[in-house]
Amino acid sequence: MSLYPSGASRRHFSAHGMTVSYPLDSFTFQHPSPITELPNPANRASARAHPALNLKSHQSAWYSSRAQHVRIRTAAAAEPYAARTHIHTLSTKAAKSFGRLCGHHYCTNAVSLGHAAVRHAGTSAMCTADADHPTPLPGMAEVLDQYGWMLETPLEELMSCATALRDDNRHGAIVSFSPKVFIPITRLCRDMCGYCTFAQPPRPGRRAFMTLGEVLQIAAQGASAGCSEALLTLGDKPEDRWPEAASELMEMGFGSTLEYVEAVAKAILQETGLLPHINAGIMSELELRKLKKVSASQGLMLESTSLELMHPGGAHHNCPDKDPASRLRTIEAAGRAAVPYTSGILVGIGDTRSDRLHALACLHRLNERYGHIQELIIQNFRRKPATAMAAWPEPPFDELLWAVAVARIMFGPHMNIQAPPNLTPLESADGGGSGAFSLDALPAAWQALLKAGINDWGGISPITRDFVNPEKPWPHLSSLAAATAAAGKLLLPRLPVYPSFLGLRGGPSRPNCHPARPEEAAAADREALATRAPGTPLAGTPAEVAAAGTPLELLSCPWLDFSGGRDSVGAAVLRSIDSEGFLRASAWVAGRPDVDEQQGQIQGQRERTQHSDPSSISVSNVSPLPPPPPAASPCLPAAAASMTMATPIAAAEATTQTAETGTIAAAALKLTVPRESVPMPRWREGRVWRVAVCVDGAMEGMQRPADPSPRVTRLLEGVLSGGRLLQRDEVELLLRSRGADHDAVCAAADELRRRTCGDTVSYVVNRNINYTNVCTYKCVFCAFSKGRTSEELRGPSYVVPYEEIARRTAEAWDRGATEVCMQGGIHPDFTGDTYLRIVSAAKAAAPAVHVHAFSPLEVHHGATSLGLIYERYLERLALAGLGSLPGTAAEVLHDNVRSVLCPDKIDTATWLKVVGAAHRVGLRTTSTLMFGSIEEGPAAWASHLVLLRELQQQAEAIGGHGGGVGITEFVPLPFVHMESPVYIKGQARRGPSLHEVVLLHAVARLALHPHVTNIQASWVKAGPSRAAQLLAAGCNDMGGSIMNESITRAAGASYGQELPPLQMEEIIRAAGRQPRQRTTLYGTPPAEQTARSNGAMPLQPLVLAAATTGALR
Ligand code: SF4
């Protein structure tokens, strides 16, 4: 009996440009489908019929007992799992992936991922995280019953399957690594593993622990090279075995090694901005929770669950902390503490393939319950001289490949799986590890590991060696990038915590977004959400809301600790990431003038000490940094600090010497550190690689795939040749483009711009009038608004009197402007009549001026206050002289994002309704997207773009196509972070990266075509020179010359105070394009106005009134 449909003998996976196929017929395997958490785990028929999974309905499978094994074939029907989406209500996209898995991977994944989905839906008792009820872990018989088929499946088939799984996920074409420094806090350990050279006994004259000065010196060097991770590695509880360790801890003022580690991690975080990843061995839940406050992630290798290894002669003999049960308890405790956790297995230390399956299955079971395992390290044993296992044979490379492939298949597409590249075995000609090897074989070996399903190379350091394997140097990053590129992948730096643990908003839920949480916390979340319905203003003053930070803290990522505000590890992570959760690694930020690389380094160092900001570092010529002054650290007891600097005088001398010489104050360190702890890194001139991400989203100076991916190419061809409308997921795909894909997207956008708009670049001469900064709304990003009488933060609150509005309008007209753009806060005293009078005041002063005013929020406020529907109120505004509306207040049109970013503002549907109403009454609008603030990203941006396109299609349906209706232009607005409250509180990114800014403009051109034809580069946000660069990525407009700007400058931007027409045209010509002055609606301004604009006199001083006077009433 065969349930394969005819003609469906192969399954094809196509994702991110990779198409992989494998023969279904070849998968004959042993599989018991032991759904242990489901009723009657021994009864597979019951499991298949379980209502949560509905396997009986959706999965055709047949079972036939054969001893302990079951042979199963899954049907590859066209839609074998379509109906299963009901169990994946939070993750439709994930459900599709799971469905594929279910169909082709033996329903092991169907069961486990099904459980995950049930857990996320909150319908299963698996949500509970109870230390008194540890997770039942599988026995060997159960593991073999479930996964034993992999013991017999040919390696090539396993690898093919693993590759397809890895590529059928968002890993896509990216292979990551973590640029790090390795900090061996102590090399004392109470264990005696037979393969280990890291653990060392105490030695006379050598300190047991690294001093804070040593730690910070290494961390500072790593920071200057652009690293993101400080890997703290240490032996297990050395004080339990070595009196020297206990006494030294006591001398420093610490009761345990873990206390010292906590203090050191805090110092690293606060003084260098590097993100600690802590491998501190066996720990309790309380200890894990404490370290979570000072680390981005933690880890513990399970290594193996084989008890044989604990016996005399085994690798783990005399190693109390290698007891598998103890380690699994720690890993489970990390799950309860919601710590992003790294674990893995060690291959070839006397374990069998079955042992490896069992160890992985135990980790899998824990991860099913807690979702906390962020990566699996599959590490191969390398023998070392002078160890008990010096003569032990290293495992053949195939064993490593097998372990990687089965891990990928067992854990599915989302898991991050790494194999350390410096440990890659190089097979000798005889295949027996004879010692003969060729470095030439390394790239091929790395590519084999990629084919086995890894998506990460782990931590690699430009500064420090691998202290656990000091004889194995890190690979040259360029070599690794080249091998990765040869496999069609792009090497990209990441943080120690993986992107999927950052709770990025805007897209579907992912398996790792929601750790199991106590019921009361979940209830609090639900209540908070329920009380923050869009459109319902929050109680409290802006300062109170800013101080409480409730909305963000309740909703932000629970995997990271944000309790320290801007000094928290969560804040440091947000400052370091790009929109996809990878390392930002770029000095550029919106609103700030470009700096050269050296200045970027200096700026980054300044921010690093002020705001623990590691992501500013991007250096071209990395040089060693002076050690920070540890004595000033607030993180250590005085005794510990004094261990690093003998006296204040010595510290001062060291600092002085460093400042004068610009070199490492080695002499000072010798003075103050009497005994050496570890070999300090030596700077190797010219051999240090840098961590910097270029404008194309790929690593600077590293090889990348030469050609764009087939899928991106197809999409671009579809738009260019046939005018095909991009779907939301396609827009999102383009917004994730990097390297060759990025270049292709920009080139296509530029070509489309040329065909649609020619080589002319337009701009309008205008003046901004922000008539009040008083606002009752609580947009967390807004640095402009304040309460009516508030004078805190950025100056006093104000209103602009009608007479001053008139004066400024008249002055603008006299200086050649054709437009006044008027927006402000939502003043509690303003009504719809106020806005009508504002328009009238402007029109009375300059009847021919175009009044471009009032965001959809202001229209909503005005209409509501007068009890009018939007259309009637808009008609009254138009009668008063309103010419068009700015499409601001849109921020990101995605209610998940808005619920955090602007919780009391109008929701997406209301914004669309107001703008649609404006189009229906004949008023045209612009459209905007403010991006790069909180952890929203490409999914939300794609959704926003498609909504705008649909809005414009509706306008065209009413008013006819031809450019005379609806939206005039789209204006991407990069978030300016410097003075934004949400950034200052440590709950926002540093705005979009330059790569994201360029890409978003280009994708907007493609996604909005042919309905919105003008794409504007905002020189106020991007700066004049970068705005010119955007002209090559699909833009055809430079916006307004803006005689006054307040809102962006309130956020800390350096730009905004008028770019005179002649200067604007100079920039445009320098970009190889032709400037054209335009009106608001893209007409030609009167010649006399153009002449005036070219010879305008300086502006007169502004007149403001205190907000308390009610001057506009
Ligand atoms: S963005 Fe606008 S509505 Fe929001 S607080 Fe600022 S001024 Fe008020």
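Because the structure is a prediction, the values reported are computed rather than measured. (Residues numbered from 1 in each chain as written. Predicted model: local features only at pLDDT ≥ 70, side-chain atom pairs only at ≥ 80, totals over all residues. Heavy atoms only, no water.)

Peer 1: Please give an account of the overall build of the chain that cites residues and values.
Peer 2: Each helix and strand counted, the chain has 41 helices and 25 strands in total. The burial tally for the chain puts 62% of its 1113 residues in the buried class. For the chain, contacts bridging at least 24 residues in sequence account for 78% of all contacts bridging at least 6. (Helix = DSSP H or I, 4+ residues; strand = E, 2+ residues; numbered from the N terminus. Buried < 20%, exposed > 50% of the residue type's maximum accessible area, 1.4 Å probe, protein only. Contact = heavy atoms within 4.5 Å.)

Peer 1: Tell me about the sheet that holds strand β23 (residues 1037-1040), residues and numbers included.
Peer 2: An order of β23-β15-β24 is seen for the 3 strands of this open sheet, with the pairing classed as parallel. Each edge of the sheet is formed by a strand with only one pairing partner; in this case those strands are β23 and β24 (1074-1078). Adjacent strand axes in the sheet meet at a mean angle of 20° when their direction is disregarded. Judged from the 2 bridges that link them, strand β15 (residues 760-764) and β23 form a sheet pairing that is parallel. (Pairing = 2+ DSSP bridges. Axes fitted to C-alpha atoms, helices over the stretch in contact; angles between N-to-C directions.)

Peer 1: Which residues make up the pattern of salt bridges, and what values do they have?
Peer 2: Counting across every chain of the model gives 40 salt bridges. The residue Glu730 makes a salt bridge to Arg724 at a minimum N-O spacing of 2.5 Å. Residue class for Glu730 comes out buried when judged on its relative accessible area of 8%. The class of Arg724 is partly exposed, set by a relative accessible area of 35%. Put simply, Glu969 and Arg1078 hold a salt bridge, and the shortest N to O gap is 3.9 Å. Separated by 109 residues along the polypeptide, Glu969 in strand β22 (residues 967-974) and Arg1078 in strand β24 bring together distant segments of the chain. On the accessibility criterion, Glu969 (6% relative accessible area) is buried. Here Arg1078 falls in the buried class, since its relative accessible area comes to 2%. (Salt bridge = Lys/Arg side-chain N within 4 Å of Asp/Glu carboxyl O.)

Peer 1: Residues and numbers for the environment of Thr760, please.
Peer 2: Topologically, Thr760 is positioned in strand β15. Considered as a pair, Thr760 and Arg1069 are 309 residues apart in the sequence and their alpha carbons are 9.8 Å apart.

Peer 1: Quick one: what's the story with the packing of helix α11 (residues 285-292) against helix α12 (residues 324-336), residue by residue and with numbers?
Peer 2: Packing of α11 against α12 leaves a shortest axis separation of 9 Å and a crossing angle of 55°. As summarised for this structure, α11 and α12 are arranged oblique, according to the angle between their axes. The crossing of α11 and α12 is right-handed. Listed contacts from α12 to Glu285, Leu288 and Arg289 of α11 are Thr330, Ala333, Ala334 and Arg336. (Parallel < 35°, antiparallel > 145°, perpendicular 65-115°, else oblique. Left-handed = near helix turned anticlockwise from the far one by under 90°.)

Peer 1: Requested: an account of the site of the ligand, with residues and values cited.
Peer 2: Inspection of the region around the ligand gives Cys775, Tyr777, Cys779, Phe781, Cys782, Ser785, Gly825, Leu857 and Lys905 as its neighbouring residues. Along the lines of polarity and charge, the residues of the shell around the ligand split into 6 nonpolar, 2 polar and 1 charged. (Near = heavy atom within 4 Å. Nonpolar A, V, L, I, M, F, W, Y, C, P; charged D, E, K, R; others polar.)

Peer 1: Go over the pairing of strand β7 (residues 229-234), please, and point to the residues and values.
Peer 2: Most of β7 is tucked away: 6 of the 6 residues are buried. Because side chains alternate across β7, one face comprises the buried residues Glu229, Leu231 and Thr233, and the other comprises Ala230, Leu232 and Leu234, equally buried. Pairing analysis gives 6 bridges linking strand β6 (residues 174-186) to β7, with the strands arranged parallel. Its bridge partner lying in β7, Phe182 is registered against Leu231. Note that β7 and strand β8 (residues 275-279) share 5 bridges and pair parallel.

Peer 1: Outline the sheet that holds strand β20 (residues 882-885), listing residues and values.
Peer 2: Read from one edge of the open sheet, 6 strands run β16-β18-β19-β20-β21-β22, paired in parallel fashion. Edge strands, defined here as strands with exactly one partner in the open sheet, are β16 (766-770) and β22. Across this sheet, the average inter-strand angle for adjacent strands is 25°, counted without regard to direction. The pairing of strand β19 (residues 850-853) with β20 spans 2 bridges and is parallel. When the sheet's bridge partners are listed, His852 is paired in β20 with Ser884. Against the sheet, helix α36 (residues 994-1008) engages β21 (924-931) and β22, with an angle of about 160° to β22.

Peer 1: Can you tell me about the side chain of Glu1065, naming the residues and giving the values?
Peer 2: Mapping Glu1065 onto the fold places it in helix α40 (residues 1061-1070). Contact partners of Glu1065, with chain neighbours within four places excluded, come to Tyr763 and Pro1075.

Peer 1: Please give an account of the pairing of β6 that cites residues and values.
Peer 2: Working note: regular strand, side chains alternate between the two faces of the sheet. Where burial is concerned, most of β6 is hidden: 13 out of the 13 residues are buried. Sheet topology note: the β6/strand β14 (residues 490-493) ladder contains 4 bridges and is parallel. The partner of Ile174 across the bridge, within β14, is Leu490.

Peer 1: Help me get a handle on helix α20 (residues 569-576), residues and values and all.
Peer 2: Of all 8 residues that make up α20, 8 are buried, and the element is covered over most of its length. Among all positions in α20, only Val569, Gly570, Ala571, Ala572, Val573, Leu574, Arg575 and Ser576 are buried.

Peer 1: Talk me through unusual backbone geometry; I want residue IDs and the actual numbers.
Peer 2: A cis amide bond links His1009 to the next residue, Pro1010, at an omega of 0°. Take Pro1010: it is sitting in the loop between α36 and α37 (1019-1022). Not every positive phi belongs to a glycine, and Glu891 is a case in point at roughly 45°. Assignment of secondary structure puts Glu891 in the loop between β20 and α32 (895-901). The phi torsion at Ile1042 lies on the positive side, around 55°, for a residue other than glycine. Tracing the backbone shows Ile1042 in the loop between β23 and α39 (1047-1050). Taking the relative accessible area as the measure of exposure, Ile1042 reaches 11% and is therefore buried.

Peer 1: How would you explain the environment of Lys913 if you had to name every residue and give the values?
Peer 2: Inspection of the secondary structure assignment puts Lys913 in helix α33 (residues 908-920). Here Lys913 falls in the exposed class, since its relative accessible area comes to 52%. The spatial distance from the C-alpha of Lys913 to the C-alpha of Tyr870 is 8.4 Å, given a sequence separation of 43 residues. Beyond its immediate chain neighbours, meaning those up to four positions away, Lys913 contacts Tyr870 and Arg920.

Peer 1: So, the nonpolar core: which residues are in play, and what are the values?
Peer 2: Formed by 130 residues in total, the largest nonpolar core has its most connected members in Phe854, Trp911, Phe970, Leu1006 and Met1038. The element contributing the most residues to this core is α36, with 11 residues. If you look at the next biggest cluster of nonpolar residues, it comprises 129 residues, including Ala223, Met415, Trp446 and Phe501. (Core = buried A, V, L, I, M, F, W, Y, C linked by side-chain atoms within 4.5 Å.)

Peer 1: So what about helix α27 (residues 740-757)? Which residues, and what values?
Peer 2: For α27, spanning 18 residues, the distance from its first C-alpha to its last is 25 Å, which sits close to the expected 26 Å at 1.5 Å a residue. At its buried positions, α27 is contacted by α25 (710-722), α26 (728-735) and α36. (Expected span 1.5 Å × (residues − 1).)

Peer 1: How would you summarise the packing of α33 against helix α34 (residues 938-959) if you had to cite specific residues and measurements?
Peer 2: Running from N to C, α33 and α34 cross one another at 30°; their axes reach a closest spacing of 10 Å. It follows that α33 is roughly parallel to α34 by the angle criterion. α34 is crossed by α33, and the crossing has right-handed handedness. Contact residues: α33 offers Thr908, Trp911, Leu912, Val915, Gly916, His919 and Arg920, while α34 offers Leu947, Leu948, Leu951, Gln952, Ala955 and Ile958.

Peer 1: Mind laying out the confidence of the model for the chain, listing which residues take part and the relevant values?
Peer 2: Low-pLDDT portions of the prediction should not be read for the details of their coordinates. Summarising the model, the chain shows a mean pLDDT of 76, and 70% of its residues fall at 70 or more. Taken as a whole, residues 1-129 scores under 50 in pLDDT and shows 266 contacts with residues more than four places along the chain or in a different chain. Overall, residues 608-675 carries pLDDT values under 50, and its contacts beyond four positions in sequence, including any with other chains, amount to 150 contacts. (pLDDT = per-residue confidence, 0-100.)

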